[in-house]
Amino acid sequence: MQKLSRSLAENLAALDALFGASADYYVKEIAIYHCKGAIVLFDGMASLDSLWELLLDAASRQAPPNRSDAQPLTGQEAYALILHGSAFPAESSPVQDMPDLVKRLTAGMAVLLLDGCAEGIAFSVQGLKYRSVEEPSGEGNLRGSREGFADLLRVNLSLLRRLIRTPDLVQEVQQADTAAKTEYALCYCKSRADPAMVRRVRKTLAAAKPELLLDSSYFVPWLLPSWARLFTPVSYTERPAAAAAKLCEGKIIVLVNGSPSAMVLPALFCENFECLDDYASTAVFASFLRVLKYASFYLTVFLPGVFVCLAVYLPELIPPQLLYKIAAAEKATPLPLFAEMLLVILVLEVIREAGLRMPQSLGHSVSLVSALILGDAAIATGLMSTPVIFVASVTAIALFVTPSLYEPAVLLRLGVLLAAGIAGPVGLVGAFFAFLLSLSGTGMMGVPYLAPHPFPQAPLAEDGVIRRNYRRLSRQGFNIWQDRR
Amino acid sequence: MKQKEVFSGPALGLSVLTAALADAAAPAGSVRTALLSGLLNAAVLSALILLAGAFWQRSQAFRLAWMTALPLWLLAELARTVLQAHAVCREEFRSMALLGALPLLLWAGGQLAPGSWNAAARVLWWMVFLGIVLCLPGLLGQMHWARLVAADAARPARSVQALVYAEYFFGPPQCAGKTPKHLLGLPWLAFAVQAAAWLGMGLVFGAGDYPQRELLRAWNAGVFSRLDALLLLVWLACAFYRIGFLCTALRTCLCGTAPAGKGAAE
Amino acid sequence: MNRRSRFKLLFTALCVGWCFLFLRCETTEKSMVRAVYLARTETGTQVLLWYQAPEASADASEASAAVQAAGAEGDTLEKALSAAEEALPQAADYRLCDYLLTTPGGADALLADYEQLVLARKCGRTAARVSCTCLSGEDLLKACEKQGGFADKLLEKLKAHSAEMPRLYQHGETMLLPLLCRAEEDAAFEKTALLQTGAGQTELPEAQAEMARLLAEQPGAKTFWLDEKQVKIRRCSVSVTLDKNAVRLRLDAQLAAGEPQPTEAQRAELEALAVQTVHTFWQQGADLLALGPRRAVQAGTNGEMFTTKNACPEIRADVHFLGF
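The model shown is predicted, which means the values in this text are computed figures rather than measured ones.

**Observations concerning the overall build of chain A**
At step 1: When you go through chain A residue by residue, the secondary structure sums to 16 helices and eleven strands.
At step 2: Whereas a compact globule of 485 residues would reach a radius of gyration of roughly 23 Å, chain A reaches 30 Å, over 25% beyond that.
At step 3: A buried classification covers 40% of the 485 residues belonging to chain A.

**Some thoughts on the overall build of chain B**
At step 1: Scanning chain B from terminus to terminus reveals twelve helices and zero strands.
At step 2: Its helices and strands in sequence order give chain B the pattern α-α-α-α-α-α-α-α-α-α-α-α, from N to C terminus.
At step 3: Computed over the C-alpha atoms, the radius of gyration of chain B is 20 Å, within 12% of the 18 Å expected from 2.2 N^0.38 for a compact globule of 266 residues.
At step 4: With the C-alpha coordinates of chain B rotated into their principal frame, the extents come out at 55 × 40 × 30 Å.
At step 5: Within chain B, residue pairs in contact and separated by at least 24 positions form 86% of the contacts whose partners lie at least 6 positions apart.

**Some points on the packing of helix H1 (residues 9-23) of chain B against helix H11 (residues 228-255) of chain B**
Residues and elements named next belong to chain B.
At step 1: It is the contact of H1 with H11, at a shortest axis distance of 9 Å, that shows an interaxial angle of 120°. As far as their axial angle goes, H11 and H1 are oblique. Relative to H11, the crossing made by H1 is left-handed. Contacts between H1 and H11 involve Ala-11, Leu-14, Ser-15, Leu-17, Thr-18, Ala-19 and Leu-21 from the first element and Trp-235, Cys-238, Ala-239, Tyr-241, Arg-242 and Phe-245 from the second.

**Quick word on the domain arrangement of chain A**
At step 1: On domain assignment, one finds that chain A holds domain 1 (8-123), domain 2 (153-267) and domain 3 (282-444).
At step 2: For domain 1 of chain A and domain 3 of chain A, the distance between their C-alpha centroids amounts to 63 Å.

**Considering the sheet that holds strand E1 (residues 25-32) of chain A**
All names here are of chain A.
At step 1: Taken in spatial order, the four strands line up as E1-E2-E3-E4 in an open sheet, and their pairing is antiparallel. The sheet terminates laterally at E1 and strand E4 (121-123), the two strands that pair on one side only. Across the sheet, the mean angle from the axis of one strand to that of its neighbour is 25°, orientation sign disregarded.
At step 2: Across eight bridges, E1 lies against strand E2 (residues 35-42) in antiparallel orientation. Paired with Lys-28 across the two strands is Ile-39, which belongs to E2.

**Topic: the interface of chain C and chain A**
At step 1: Taken together, the contact between chain C and chain A spans 20 residues of the former and 27 residues of the latter.
At step 2: Of the residues in the side of chain C that touches chain A, the class split is ten nonpolar, four polar and six charged.

**Some details on the pairing of strand E5 (residues 99-102) of chain C**
Residue and element names in this part refer to chain C.
At step 1: Residues Tyr-99 and Leu-101 line one face of E5 and the alternating positions Leu-100 and Thr-102 line the opposite face, and both faces are buried.
At step 2: Of the strand pairs in this sheet, strand E1 (residues 31-40) and E5 are connected by four bridges, and their pairing is parallel. Note that in E5 the partner of Val-36 across the bridge is Leu-100.
At step 3: As judged from the four bridges shared by E5 and strand E6 (residues 129-133), these two strands associate in the parallel manner. The residue of E6 that forms the bridge with Tyr-99 is Arg-129.

**Remarks on helix H8 (residues 291-299) of chain C**
At step 1: Within H8 of chain C the residues assigned to the buried category are Leu-291, Pro-293 and Arg-295 of chain C.
At step 2: In this fold, the buried residues of H8 of chain C make contact with helix H6 (145-154) of chain B together with strand E11 (229-242) and strand E12 (246-255) of chain C.

**Examining the pairing of strand E2 (residues 45-52) of chain C**
Residue and element names in this part refer to chain C.
At step 1: Among the eight residues that make up E2, eight are buried, leaving the element largely enclosed by the rest of the structure.
At step 2: Residues Thr-45, Val-47, Leu-49 and Tyr-51 line one face of E2 and the alternating positions Gln-46, Leu-48, Trp-50 and Gln-52 line the opposite face, and both faces are buried.
At step 3: Where E1 meets E2, eight bridges bridge the pair, whose relative direction is antiparallel. Each bridged residue has a counterpart across the sheet, and for Val-33 the counterpart in E2 is Tyr-51.
At step 4: The antiparallel pairing of E1 with E2 creates a hairpin that spans four residues between the two strands.
At step 5: Pairing geometry for E2 and strand E3 (residues 67-74), over eight bridges, is antiparallel. Each residue of the ladder has a partner; that of Gln-52, found in E3, is Val-67.

**Notes on the sheet that holds strand E5 (residues 169-175) of chain A**
Residue and element names in this part refer to chain A.
At step 1: Across the sheet, which stays open at both edges, the five strands sit in the order E5-E6-E8-E9-E7 with antiparallel pairing between neighbours. The sheet terminates laterally at E5 and strand E7 (235-237), the two strands that pair on one side only. For this sheet the average axis-to-axis angle between neighbouring strands, irrespective of direction, equals 25°.
At step 2: Inspection of the sheet shows strand E8 (residues 252-256) paired to strand E9 (residues 262-265) by three bridges, in the antiparallel sense. Across the sheet, Ile-253 pairs through a bridge with Val-264, a residue of E9.

**What about unusual backbone geometry?**
At step 1: In this model, Leu-265 of chain A is joined to Pro-266 of chain A through a cis peptide bond whose omega is -10°.
At step 2: Tracing the backbone shows Pro-266 of chain A in the loop between E9 and helix H9 (276-280).

**A word on the nonpolar core**
At step 1: With 265 residues, the main nonpolar core has Ile-253, Val-308 and Met-341 of chain A together with Leu-236, Ala-237 and Cys-238 of chain B as its most contacted residues.
At step 2: In contact with Met-341 of chain A, not counting residues within four places along its chain, are Pro-304, Val-308, Val-388, Ala-392 and Leu-417 of chain A.
At step 3: Listed in part, the 29 residues of the second largest apolar core include Ile-39, Tyr-79, Leu-101 and Val-125 of chain A.

**Let's talk about helix H4 (residues 137-146) of chain C**
Residues and elements named next belong to chain C.
At step 1: Within H4 the residues assigned to the buried category are Gly-137, Leu-140 and Cys-144. Projection of H4 onto a plane perpendicular to its axis shows the buried side chains occupying an angular sector of 65°, all on one side. Seen from the buried face of H4, the exposed residues on the opposite side, beyond 90 degrees, are Glu-145 and Lys-146.
At step 2: On its buried side, H4 packs onto E1, E2, E3 and helix H5 (150-160).

**Some points on the environment of Leu-14 of chain B**
All names here are of chain B.
At step 1: Structurally, Leu-14 can be placed in helix H1.
At step 2: For the pair Leu-14 and Phe-245, spaced 231 residues apart in the sequence, the C-alpha separation amounts to 9.9 Å.
At step 3: Those residues in contact with Leu-14 that sit more than four places away from it in its chain are Ala-121, Leu-124, Trp-125, Cys-238 and Tyr-241.

So, how was this worked out
- Residues numbered from 1 in each chain as written.
- Chains lettered and ligands numbered in written order.
- Predicted model: local features only at pLDDT ≥ 70, side-chain atom pairs only at ≥ 80, totals over all residues.
- Helix = DSSP H or I, 4+ residues; strand = E, 2+ residues; numbered from the N terminus.
- Rg over C-alpha atoms; globule rule 2.2 N^0.38 Å.
- Buried ≥ 20, exposed ≤ 12 C-beta atoms within 10 Å, placed from the backbone.
- Contact = placed C-beta atoms within 7 Å.
- Axes fitted to C-alpha atoms, helices over the stretch in contact; angles between N-to-C directions.
- Parallel < 35°, antiparallel > 145°, perpendicular 65-115°, else oblique.
- Left-handed = near helix turned anticlockwise from the far one by under 90°.
- Domains from an automatic or database assignment.
- Pairing = 2+ DSSP bridges.
- Nonpolar A, V, L, I, M, F, W, Y, C, P; charged D, E, K, R; others polar.
- Core = buried A, V, L, I, M, F, W, Y, C linked by C-beta atoms within 7 Å.
- Arc of directions from axis to C-beta.

See the structure below:
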C-alpha cells in the first residue's frame, strides 16, 4: 500500500501519474497558515464554491498571529492546527495512504495536502449531481409515501434513517471487491435480524468478486449459488417506506451506490402479492385485492396451457359453444392450437420488450402497428385466430398485476404451454408439479420461500391471502426469523 | 423459521391417500361386512404400528431387520405407483408422457429435502379437498340408498384385504425411535378412502360390477357433463408427488440423513 | 471442454431425447359425438351417431357447428359402430357423448351389449342418459338430411328432457324411458313413457308416467289433469312409512306459482293415481317406492321382506298441498 510522502511535490506527482490525463482532476496549490499546500478534488463531484467559502473564510478568521521569529509553520504544525486546533469542518480521520486518498476523492471529497506532512485532511464538500428523490415508476401505489430511492448510496441511507429513527438501525458501508470499487451498504435492525445470518451475509458480500457492481442483484449468484433457479427468494424495492417495513420484520437490505434498487433478503413468495397499499386500505378491500393478485398470477401462468390442453384433450370441460368456436378457428389456421398460442405469446413478448426499450417518441407507432398486426391483419390472413389472441392478451395483462414475478411467470407460462401442448394433460400436471416443487424447494438462510403464514399453510392466517385489520395485526408483529409453528 | 427435516403428517397422509385411491376396489361381498372388517383392519394396523415402535426401541435385531426390509418395501411401492400412474395416463389420456418425465421425477426425489415435500403436500391436500368438494354435487343426485341396501342383501358376507403401506412404519427411522401420533391415523385414512369408494359404488351402481373409474365418469352437474378427467388429474398430481416422495424416503433410509435442501443450506 | 462436461452434456441430451420420445401433438379436429342411436334390425344392428365438426373460421364469431348425423349397419353392434365411425369426417371422440336412443322391444339386451362395448372401448360412458324412440334409423337420417336444424333441435330436446332419463348403468333395474316420436316436422317427447323391467316393456299412460316421475322425486314441474282441470306441481316431497303390512305414502306438494288450491275431489284423484301407479309398477316387478329395502332396514335381514314376487302391500296415500 503506497503511503503518502512528506513532500508535497512527490504526492502531486503521484496523483498526476494516476489522474493527470483526466479532465475533471483539479489541483490548486495554495498557502495556508503560510505553509505550502494543495487542494485536490474531482471537478463536478466536490463543490468548489462551498470549499472556498469554507476554507478561506475559516482560514481568514482563524489565522494564527505571526510568530515573533517570522518563520512559517511547518507542514506538520499546520496539519495539527487545522485538524485539532481549529474549527475547520474536516473529516476526523486523516488520509494516510494513496488508496484512501483515491477513495475519498472519488467519493466527492476535497483533500488538503501539506508540504512536510505525510497525511492529508479531507473535507466533505460533495456537490455531486444526482437524480433527485422521485416516485419510482415501477412500484405504483395509491396511498403512502411517494419517495423513491435515488442513485446515490448516502442519500438512500439518509432516507432510511429518516424513517427508522432509533439506534436499532445499523447501516454498514463497505467497498466491493470490484475493479470500480463500488460502495454498498448492509442495513438491518440489530434487535430484529438474526445475528448469525447478518454475519453470513456480511461475509458472503465481502468475499464476492463481481466484475462490476452496478446493482444489488449482481450479488445474488454469491448469496444463492445454484446453476438453475426459477424463483429467487430475494425481493427488490425502490421505496424507502417498503424497505423500512422489511427492516422492521428483521430482514436484511443491501443497497449499492449508483442504483436505486434495494435488495431485501430473505423474501417470501406471498410478499409478491402484498404492497404498502394493503395496509392503508380496509382489510376487506385489501383481502379482495390479494385474492385477485393470486388469481391473476395463476391465470397468467396456467391459462394458455390449460386452454390448449382442455380444447385438444379434455373438451368436456369447456362449454360446447366455446369449444366449437375454438375448433373452427384452429381448422382455419395453418398451425395447431399449441403452436399458434406459442407464436402469439412470443410476439407479445417482443412487443413488450420493444415498448420498454424504444424511445418514447416512437411509442405510439409501436402500439398502432402491434394492434393492427395482431388485432386485424393476422386474423384476416388466417394466421391466427381470435380465441387464441384473446387468451394470450388476457394472460399478458394479468402478468402486470404482480410485476415482481414477471421473470418466473414468463418462463413458467412458456413451460406450461409446451408441456400441455406436447404432452397433454399429463404434461400439464407435470408442469404444475414442477412449479410446485420449484416453490417448495426454494429457501434462503433456512427460511422456506413458501410459508409460514400465508396460503396454503394457513390460508386464514392474519396476514396471508386475506388480511385482518391492522390493529389486530399490530398486537403480534411478524419477524421473518420466528420459529415455524 | 428452520424446518425439521422429517416428513410431516400431511406428507405421509397424502402419500397413503394416493395409494389408497388407486387400490380401493369394490368389495366382492356385502358392503356392510366390508365396512366392519375394514374398521377392524384399521384398528389392528394402528396397534401394530405402536407395537413395532416399541420393538424398535428395545431390539437391535428388529431395528436391523426393519431397516433392511423398509428400503425394499419403499422400492416396491415406488414401482407399483409408477405402474398405476402409467396405466391411468395410458388408458385415460392415451399418453406415455409419464415415462418421459420419470427420470426427472426420480432425480427431483433424490435432490429435494423432506421439507420441500412437506410444503408441497399442503398445497396438494387443498387440491384433494377441492376435488372431493367438486365430486359430491355431481354424484349426489345419482346416489340412492335403496340401491345399496338391495344390492347388499344379495351379496355374501366377505371380509376385505387391509391396505398396508410402507409409510405406516416410517415413524421410528425418521423420528429417533419414537412413533409420532399422526402415524396411527394413516390406516384410518386408508380405510376412509376404501369406505368412500365402496359406499359410492354401492349407492350409484347398486349391484352392478363396474370398475372404480366408472364412478368418476358418472359425474354430472349443471353445464359440465363430465369432470372425471379433472379428478383423475388431481390424483395424477398426487401420484407424481408419491413417486418423488418415495424416492426421497428411500434415499433417507439408505443414506441415513435427508438430502440437504436448498432452504436449509443457504 | 473436459471429459466431465462432455459426459454431462451427453447425459442431458439423452434425458431430453428420452423425454421427447413419448410426446405427441394433437389437434381439436375431431368429430365430437353427442348422441348415439341403437336399433336391432332384421340383418343385425343399426347405429346412428350425431356429431359436431365445425367448419373452418379464423374469426370465431362466424363459426358454426351444426349437429349432423352419420349412420351404418352391421352384423354386430361393434361392427355397426365401427362402420358409423368411418362415415364421420374426422376421428370420433366420445367425450361429450351423453345421450343414448334406443327402440322399444329388446332394448335391455342391446343396452347390455352397448355397455360392454363402452367399458371395453370407452365409446361413451355408463352414465349416459337413455331414452326410447319410435322413429326408425332411416327416418331420423332422412329428417337430418332434409330438414335443416332437425338434428340441433333433437339434441336440444334431449337436453331439455335429460332429467327424466335413466342412466345406462340402470339397464338391469327398472327404467322409466321417455319416448321420442314424430310430431309434424319435428321430433318431440311424448307425455307417456315406457316402463322397462326384467319382465319386459309396458307403455304407461300419461298420468301414471307423470306420477311415477313425481314418486321418483325427479326434478322439474309435473302436470296432472285432475277432474278435467290442470294441476301443476312444482316440487314434491315423498315420505313412506311402513306399518306391519301396510304402507303409508305421504306427498307434500308445492304448487306452481299462480296455481289455485286443488279441490278435495282433485286431491282424492291424485291419491288414487299414486296408489294405482305403485300397483302398476309392482305388477311389472318394479318396486317404485323401495319398499323392500325400507323393510330390510327396518326389520333387518331376518324379518319378513317385501318383494315384488309377493302381492303388493296395502298402500294408503295422503296428498297435502302446501300453502306457499
